[in-house]
Structure formats: C-alpha cells, structure tokens
Amino acid sequence: LRRGQHLADLQTLERRQSMTRTLKTLLLALTLFGLAACTSKPLLQPEVKLPAEPEYSQVQLQQAIISAVEARRWQVEHVEPSQIQASINVRQRHLARISVDYSPFGFLIRYRDSQGLEYEDGKIHRNYNRWANSLRAEILHQLKLPKTL
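Residues numbered from 1 in each chain as written. Predicted model: local features only at pLDDT ≥ 70, side-chain atom pairs only at ≥ 80, totals over all residues. Heavy atoms only, no water.

Draft legend 1. View of the packing of aromatic side chains. One pass over the full model with this rule turns up 2 aromatic pairs. Taking the centre distance of 5.5 Å and the plane angle of 90 degrees together, the rings of Tyr111 and Tyr128 count as edge-to-face. With Tyr111 in strand E6 (residues 106-115) and Tyr128 in helix H3 (residues 126-142), this pair connects stretches of sequence that are 17 residues apart. Look at Tyr128 and you get buried, because its relative accessible area is 0%. (Phe/Tyr/Trp six-rings, centres within 6.5 Å; stacked < 30°, edge-to-face > 60°. Helix = DSSP H or I, 4+ residues; strand = E, 2+ residues; numbered from the N terminus. Buried < 20%, exposed > 50% of the residue type's maximum accessible area, 1.4 Å probe, protein only.)

This is the structure we're talking about:
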C-alpha cells in the first residue's frame, strides 16, 4: 500500500508541475501579446494655428518646414506652394510618409501611409506619433515660436 501511495503521489506531483508549466507559458504569452498591443496608439495628425503676429509668408513657412524636415531626418519628396510631402525611413524597417499642409494661418502634419508601423483602424505604432510631434516642435522652433502652440 505504501509503495502504491508513493507512486500516486509522484503522479499527482508531475501533473501539478505540468499544469504549472502550462500556466506559466500561457501567462508569458498573454504578457507578450499585451506588450505588443501597447505599441499601437491612435494616429495623431498634429495641427498648429499660427498667431496673427508675426505674419509669415508662404516662402518663410516653406523654408521653415523644409529646414525642420531635414533637421529631424525626414526626406523631402515633393514641394508645392501650400504642401510639402516627406518621408522617414528608420533602420530600413519603419517607413512613414506625410504631407505638411501650410498657410499663413497654420499647418497640419497629415499621415499618408507607412510600412512596418502596423497602421490599422486609425491606430499606429507609437513611434510614428513621436516622430510627428517632434517634427511639429521643430517647425515651431524654425519659426522661432514656443513649442506649446
């Protein structure tokens, strides 16, 4: 009887260890999935209303935006009188394309498309939002305006 009891105890212990391993694996998978989901944030399209004074010309705005784009390591793709298209390619893994629409009244950084940034249903990898906000701040810096506009 003692020997049979010992064998039953070992089998019970093995089942518990197996369930514990399975539970740990499941918790790890859920944690990793949760972390991956956290990288996706609502897409931001920064917009700035410029103050009435100083008044900027189209040329001044265009120059400030191009300087900001280059300072933040974006590439200018196309320039028009009221829009500049640019892209950024980070480590050959993440590509984002934007349009900066501008006028003497303000500017808007609009998302055009991306690769490797998991854009879906109005959400995108959080790095895109950081890059767009950094570009917004740099444009304001080039215009010699506070970053808090």
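Here the narrative resumes.
Draft legend 2. Spotlight on unusual backbone geometry. In the segment running from Glu53 into Pro54, the intervening peptide bond is cis, with an omega of -5 degrees. Considering the arrangement of structural elements, one finds Pro54 in the loop between strand E2 (47-49) and helix H2 (58-71). Positive phi, normally seen in glycine, also occurs at Gln92, with a value near 55 degrees. Tracing the backbone through its elements, the reader meets Gln92 in the loop between strand E4 (83-90) and strand E5 (94-103). You will see that Glu118, though not glycine, has its phi angle at about 55 degrees, which is positive. Within the element layout of this structure, Glu118 appears in the loop between E6 and strand E7 (123-125). On the accessibility criterion, Glu118 (48% relative accessible area) is partly exposed.

Draft legend 3. Just H2, in detail. Compared with an ideal rise of 1.5 Å per residue, which puts 14 residues at 20 Å, H2 spans 20 Å between its outermost C-alpha atoms and is within 8% of the ideal. Listed as buried for H2 are Leu61, Ala64, Ile65, Ala68 and Val69. Buried residues of H2 fall within an arc of 135 degrees about the axis and therefore sit on the same side. Those residues of H2 that are exposed and aimed more than 90 degrees away from the buried face are Val59, Gln63 and Glu70. Against strand E3 (75-80), E4, E5 and H3 lie the buried residues of H2. Within two residues after H2, Arg73 carries a phi angle of roughly 70 degrees, on the positive side. (Expected span 1.5 Å × (residues − 1). Arc of directions from axis to C-beta. Contact = heavy atoms within 4.5 Å.)

Draft legend 4. Expanded view of a positive patch on the surface. Together, Lys41, Arg91, Arg93, Lys123, Arg126 and Arg130 line one region of the surface with positive charge. Here Arg130 lies in helix H3. By relative accessible area, which is 49% here, Arg130 ends up partly exposed. (Patch = residues over 30% accessible without salt bridge, like charges linked within 9 Å, V, L, I, M, F, W, Y side chains within 5 Å. Areas by Shrake-Rupley, 256 points an atom, 1.4 Å probe, with all protein chains shown as cover. Salt bridge = Lys/Arg side-chain N within 4 Å of Asp/Glu carboxyl O. Lys, Arg positive; Asp, Glu negative; His and termini not counted. Charge placed at Lys NZ, Arg CZ, Asp CG, Glu CD.)

Draft legend 5. Quick peek at H3. Between its first and last C-alpha atoms H3 spans 25 Å; for 17 residues at 1.5 Å apiece the expected length is 24 Å, and the two agree. Those residues of H3 that sit buried are Asn127, Tyr128, Asn129, Trp131, Ala132, Leu135, Arg136, Ala137, Glu138, Ile139 and Leu140.

Draft legend 6. Main features of the side chain of Arg136. Among the secondary structure elements, Arg136 is positioned in helix H3. Nearest to the buried, unbridged Arg136 among oppositely charged side chains is Glu47, at 9.8 Å. In this structure Arg136 touches Pro46, Val48, Phe107, Ile109, Lys147, Thr148 and Leu149, once residues within four positions along its chain are discounted.

None of this, on its own, says anything about what the molecule does.
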